[in-house]
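What follows is each chain in one-letter form.
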Amino acid sequence: MEKKLAVYICKGCGIGKALDIEKLEKKVPAKVKIKHTHDIMCGPEGVDLIKKDIQAEGVNVAVVAACSRRVLQDVFTFGPSVVVERVNLREGVVWSHKPQGEGVDELIQEMAEDYLLMGIAEAEKIEIPEPYKETINKKIMVLGGGVTGLSAALEAAKTGYEVTVIEKGAKVGGFAAKIRKQTPTSFPYEALQSPVIERVVKEAQSHPKISIRTQTEVARIFGAPGLFDVTFKPSGTKSKWDVPVPVEVPEGEAPPQPPGADQATPDNPAAILAKNPEAERFGAVVMATGWRPWRLEDAATPQEGEAAPSFDHLGLGTIPDVVTNVAFEEMAAGGKITRPSNGKPAASVAFIQCPTPGSDEDFPYASSVTSMVALKQAKYVRDDNPESGKAYVIYQHMRTPGQNEYFYKSIQQDDGIFLTKGDVVGVSKNGDGLIVEAKDTLLGDNIKLKVDMVVLGTGMVPITKDDPVLNLAYRQGRGFRDLELFDGYADSNYICFPYETRRTGIYAAGTARRAMGIGECMEDAAGAALKAIQCIESANRGVSVHPRSGDTSYPDFFFSRCTQCKRCTEECPFGALDDDEKGTPLPNPTRCRRCGTCMGACPERIIGFKNYNIDSIGSMVKAFSVPEEAEKARILVLACENDAYPALDIAAMNGLSYSTLVRIIPVRCLGSVNVVWIKDALSRGVDGILTIGCKYGDDYQCHFVKGSELFAIRTDKIGEALKSLALEKERVQQVQVAIDEYDKVPGIIDAFVDEVVALGPNPFKGW
Ligand SMILES: Cc1cc2nc3c(=O)[nH]c(=O)nc-3n(C[C@H](O)[C@H](O)[C@H](O)COP(=O)(O)OP(=O)(O)OC[C@H]3O[C@@H](n4cnc5c(N)ncnc54)[C@H](O)[C@@H]3O)c2cc1C
Ligand code: SF4
Ligand code: SF4
């Protein structure tokens, strides 16, 4: 496209007062023939000015030097053929920097001039991306026919989408169909109710847009959102795709190949992509595969750095009358509550919530559901034995969130139910009964309880922890990566993006996502169904899903220069790239979230987006001034647009200031930062480079899961390279911030500037 670029400088919101606008305008390169200033560029007159130039002068690149790109996006959008580049003079310059003395501050003016030149440089290098269009399928596959799966199917079907529910069991309903009674869901939240699952099952079975296949499992999922081709197998059988290999693909290794799967071999990964002709096509998947009970065998794997917890003192597995809450529920649903050892009625039962003496940890995977279940099951004991029944609930935490508190209070009123905080030190046999010993109880004393049975408040483990469920024909393996980091859950970000997994188009709901009760599962199902619909419709329009919703760009590869190093296929956080037998990447645009991690990883620099590429950011890096005087430092800040850049805007809105020596460039994710930008900046004489990204590690908040973590590995390598050039490695640093730490970011930047200034000027300055 032939570009006609124009510059529009706003004087409103304090910009005109703080800056010498005439001087700023003069900085616009002579080749740019159209430039205007206006008192309020976002007002009708200012916007008309731009629109007139577009119509009368054929302007197709508008550089708007005004407020942050994060605001007024609707005002400064001029249709699909006009590139708009926003230069952040307001939040990025005048609101975040206080003049030293009277009149225009020279350093602040320089900042504004640099940002203007950087914006023009970027605008020259970007184009409007064309959406990637495919003929997509809009049917939704729901995996799992429990209360979550059926509710998700109903929610999607009610909005007009066709749904197929795949249930591996003989019947739908999941565990919700196996309980005796359900905890209360309506005021006064006291009486147990009939399980809602009966109604949900009937509704789903009779809905014309829902088809249900029981005793069926996924054999293999090929493809991408809008284009998922799925093959099935009867439950419990093996298909040619099943292989006894770990779900994870260790970094740098070829994915495990199913033997006999279209002759796939480690040298022929493309064969894993060869789909079966019997495949059925779907647009998106809701993964509602639920949970399984925690088992004693699970305890054999302690968390890293922790000693294996012992459950021996509780008698689980050795004393028959010590059972889990699941076994107790199934017994209660079957009729009478009796002791497994001798079939006699169990009229006094102790419910133990916290297994380890001296620790206040609940059973692994326990949650508020476990607390609610203990209260409910205590009520079963009382309902079955109104006269003599006794239930003891011994806990460290009683978690009854929201309205469930009313249920807890009603249980407290029952004279036959004793609730106490306490440390259970042992369970032993006593004739045909049991003795439970507890200390540090609320009564202040050590107690010994004579009971008929003990029920342990064990937790709910997500099925994904040990079952690949999806069996994806993806280069990165058939399940989810890094499951150990997330306790087996498939989420991609607990805090910000519920339902989303690390595989685009596959949304987790209900207890597959975290332990929750039936009511919450039904709400969750609606959320995941909406996400699936959003994904299908986004794929149909050729745009990205969350977090860059609506983005029409996708990565282009200049394949003739690809060295098949496989870094892009390995680093993509969403498994969007497969590769052919030679190792050349095979993009799947509808799987892509447009994070740019592949672009950051590629050593050949052959990956880029039309509106975000090595050259566009590289040109910005080369566009700002680098003072030659040793006493004037220049610092480049690469700030992630998800948390760091908004945090800087918020800091500015709150009148917080930081050094005028920095020049900030927003990036899609630190994962997208290619080291060539850092090298270029250092060779220009930039004294220090600070990269600000989302938090990573256990409590990660990276919007692209691994981007900031992957960049940390690159930063380490850059540090080595700096040392070999006799440059201090402290000149390139990475920090992690969350959006609510906006008040800390200015301080972080200033501390870095001070550290770099103390190191002295970059020796490459002036070369
Ligand atoms: C003892 C106990 C009592 C409880 N009582 C209550 C209560 O009173 N009130 C309340 O609100 N909550 C209660 N809960 C919680 C409740 O059971 C869960 O919220 C509910 O079962 C979750 O439903 P789900 O659909 O997410 O999972 P599930 O019920 O586990 O259903 C998942 C379904 O997916 C199927 N599936 C699994 N893997 C695959 C696969 N690979 N392919 C196809 N299908 C697959 C399973 O067969 C199952 O049918 C209780 C929990 C426990 C442990
Ligand atoms: S790394 Fe990001 S931009 Fe690249 S293919 Fe994967 S999801 Fe898309
Ligand atoms: S990172 Fe670049 S060079 Fe390596 S395989 Fe991917 S596209 Fe090719």
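Before reading on, note that the structure itself is shown above.
The following refers to the structure shown.

Basis of the calculations
- Sequence order sets the numbering: in each chain, residues are counted from 1 along the sequence as written.
- For this description, chains carry letters from A and ligands carry numbers from 1, given in the order in which they are written.
- Given that this is a predicted model, residues contribute local features only at a pLDDT of at least 70 and side-chain atom pairs are listed and counted only at 80 or more, while totals for whole chains, interfaces and linings are drawn from all residues.
- The side-chain numbers reported here are obtained from all heavy atoms of the structure, hydrogens and water having been left aside.
- Strands are runs of DSSP state E lasting at least 2 residues, helices are runs of H or I lasting at least 4, and numbering of each runs from the N terminus.
- Residue burial is assigned from relative accessible area. The probe radius is 1.4 Å, only protein chains are included, and a residue is buried under 20% of its type maximum, exposed over 50%, and partly exposed in between.
- The contact criterion used is simple: two residues touch if any of their non-hydrogen atoms lie within 4.5 Å.
- Only the protein chains shown count as covering a residue, and every accessible area follows the Shrake-Rupley method with a 1.4 Å probe.
- His is not counted, nor are the chain ends; Lys and Arg add positive charge and Asp and Glu add negative charge.
- A single reference atom marks each charge: NZ on Lys, CZ on Arg, CG on Asp, CD on Glu.
- Residues are labelled near a given molecule or strand when at least one of their non-hydrogen atoms is within 4 Å of it.
- Side-chain atoms alone can form a polar contact between residues adjacent in sequence; in general such a contact is a pair of N or O atoms within 3.5 Å, and within protein one must be able to donate a hydrogen while the other accepts it.
- In this count, Pro and Cys sit with the nonpolar residues alongside Ala, Val, Leu, Ile, Met, Phe, Trp and Tyr, while Asp, Glu, Lys and Arg are called charged and the others, Gly among them, polar.
- Pairs were defined over the aromatic rings of Phe, Tyr and Trp, the Trp ring being its six-membered one, requiring ring centres within 6.5 Å. Orientation was assigned from the angle between planes: stacked under 30 degrees, edge-to-face over 60, tilted for the rest.
- When the NZ atom of lysine or the CZ atom of arginine is within 6 Å of a ring's centre and also within 35 degrees of its normal, the charge is said to sit over that ring.
- In this description, a nonpolar core means a group of buried Ala, Val, Leu, Ile, Met, Phe, Trp, Tyr and Cys residues linked to one another through side-chain atoms lying within 4.5 Å.
- Take the number of residues in a helix, subtract one, and multiply by 1.5 Å to get its expected span.
- One requirement defines pairing of two strands: DSSP has to find at least two bridges between them.
- Note on geometry: axes are C-alpha line fits, over the in-contact stretch for helices, and angles between N-to-C directions span 0 to 180 degrees.
- Think of it like this: strands point away, you trace from the first strand over the helix to the second, and a clockwise trace means the crossover is right-handed.
- A carboxyl oxygen of Asp or Glu within 4 Å of a side-chain nitrogen of Lys or Arg is what we treat as a salt bridge.
- The arc under discussion is defined with respect to the helix axis, by the directions toward the C-beta atoms.

A few words now on the overall build of the protein chain. Looking only at helices and strands, one finds 18 helices and 30 strands in the protein chain. Projecting the C-alpha coordinates of the protein chain onto the three principal axes gives extents of approximately 95 × 65 × 55 Å. In the protein chain, which comprises 767 residues, the proportion classed as buried is 57%. Excluding contacts between residues fewer than 6 apart, the proportion of contacts in the protein chain whose partners are at least 24 apart in sequence is 70%. Surface exposure of the protein chain reaches about 31600 Å², of which carbon and sulfur atoms provide 51%. Distance from the positive charge centre (89 side chains) to the negative charge centre (104 side chains) of the protein chain: 4 Å.

If you check the shell around ligand 1, you find 32 residues, and the closest are Thr148, Glu167, Thr511, Met516 and Ile518. Separating an oxygen atom of ligand 1 from a side-chain N or O atom of Glu167 is a distance of 2.6 Å. One of the backbone nitrogen or oxygen atoms of Trp291 is found 3.4 Å away from an oxygen atom of ligand 1. When ligand 1 is considered free in solution it has 990 Å² of accessible area, and contact with the protein chains removes 94% of it. Broken down by secondary-structure element, the contributors of at least two residues to the shell around ligand 1 are α6 (147-158), α8 (325-334), α9 (368-384) and α11 (518-541). Considering every element that reaches the shell around ligand 1, the biggest residue donor is α9, with four residues. Of the residues assigned to the shell around ligand 1, the class counts are 14 nonpolar, 13 polar and five charged.

For the rest of this paragraph, the subject is the packing of aromatic side chains. One pass over the structure, following the stated rule, counts 15 aromatic pairs. With a centroid separation of 6.5 Å and an interplanar angle of 85 degrees, the aromatic rings of Phe232 and Phe282 are classed as edge-to-face. On the criterion of sequence distance, the pair formed by Phe232 in strand β9 (residues 228-234) and Phe282 in strand β10 (residues 280-282) is long-range, its members being 50 residues apart. Residue classification places Phe282 among the buried residues on the basis of a relative accessible area of 0%. Through successive ring pairs, a cluster of aromatic residues spans Phe187, Tyr189 and Tyr406. Note that Arg213 overlies the ring of Phe232, its terminal NZ or CZ placed 4.4 Å from the centroid.

With that settled, consider the site of ligand 2. Contacts to ligand 2 come from 13 residues, most closely from Cys572, Cys592, Cys595, Gly596 and Cys598. In the shell around ligand 2, the residues fall into nine nonpolar, two polar and two charged.

Within the largest apolar cluster, 96 residues are counted, with the highest numbers of intra-cluster contacts made by Leu19, Leu89, Leu116 and Trp677. Per-element tally for this core: the top contributor is helix α5 (residues 106-125), with nine residues. Aside from chain neighbours lying at most four places away, what touches Trp677 is Met599, Tyr612, Asn613, Ile614, Ile617, Gly618, Val621, Val667 and Ser672. Grouped together as the second largest cluster of nonpolar side chains are 39 residues, Ala156, Ile179, Val196 and Tyr507 included.

Attention shifts here to the side chain of Lys139. As for its position among the elements, Lys139 is in the loop between α5 and β5 (140-143). Engagement of the side chain of Lys139 in a polar contact is seen with the side chain of Glu280, the distance being 2.8 Å. Setting aside chain neighbours within four positions, we find Lys139 in contact with Glu162, Val163, Thr164, Glu280, Arg281, Phe282, Gly283, Ala284 and Ile536.

Attention shifts here to α9. In this model, α9 (17 residues) spans 25 Å end to end at C-alpha, consistent with the 24 Å of a helix rising 1.5 Å per residue. For α9, the buried fraction is high: 14 of the 17 residues fall into the buried class. The distance from a side-chain oxygen at the start of α9 to the backbone nitrogen of Val369 is 3.1 Å, and the residue carrying that oxygen is Ser367.

We now examine the sheet that holds strand β16 (residues 417-421). Taken in spatial order, the five strands line up as β13-β20-β14-β15-β16 in an open sheet, and their pairing is parallel. Two strands lie at the open edges of the sheet, namely β13 (322-324) and β16, each paired on one side alone. Between one strand axis and the next, the sheet turns through 20 degrees on average, direction left out of account. Alignment of strand β14 (residues 348-352) against strand β20 (residues 453-456), held across four bridges, turns out to be parallel. In the strand pairing of β20, Ile352 is matched with Leu456. Across the sheet, α8 lies against β13, β14 and β20, angled at about 90 degrees from β13, the strand it touches most.

So, about the pairing of strand β7 (residues 210-213). Bridge count for strand β6 (residues 163-166) against β7 is four bridges, and the pairing is parallel. Paired with Thr164 across the two strands is Ser211, which belongs to β7. Remark: the β6/helix α7 (residues 197-206)/β7 crossover connection has right-handed handedness.

Further remarks concern the sheet that holds strand β29 (residues 688-693). Read from one edge of the open sheet, four strands run β28-β27-β29-β30, paired in parallel fashion. Looking along the sheet, the strands with just one partner apiece sit at the ends: β28 (662-667) and β30 (732-736). On average, each strand axis in the sheet is inclined to that of its neighbour by 20 degrees, with strand direction left out of account. Where strand β27 (residues 635-640) meets β28, six bridges bridge the pair, whose relative direction is parallel. The residue of β28 that forms the bridge with Leu636 is Arg663. Along the sheet, helix α16 (residues 675-684) contacts β27, β28, β29 and β30; its crossing angle with β29, the most-contacted strand, is approximately 150 degrees. The sheet contacts of helix α17 (residues 707-724) involve β29 and β30, and relative to β30 the element is tilted by about 160 degrees.

The next subject is the pattern of salt bridges. Applying the stated rule across the entire model yields 46 salt bridges. A salt bridge links Lys706 to Glu709, with the nearest nitrogen and oxygen atoms 3.6 Å apart. For Lys706, a relative accessible area of 14% corresponds to the buried category. Here Glu709 falls in the partly exposed class, since its relative accessible area comes to 24%. If you follow the salt bridges from partner to partner, you end up with Glu110, Asp114, Lys632, Arg634 and Arg663 in one network.

Those residues of α7 not exposed but buried are Ile197, Val200, Val201 and Ala204. Seen from one end, α7 has its buried residues packed into an arc of 100 degrees, which puts them on one side. Away from its buried face by more than 90 degrees, α7 exposes Glu198, Lys202 and Ser206. At its buried positions, α7 is contacted by α6, β7 and α11.

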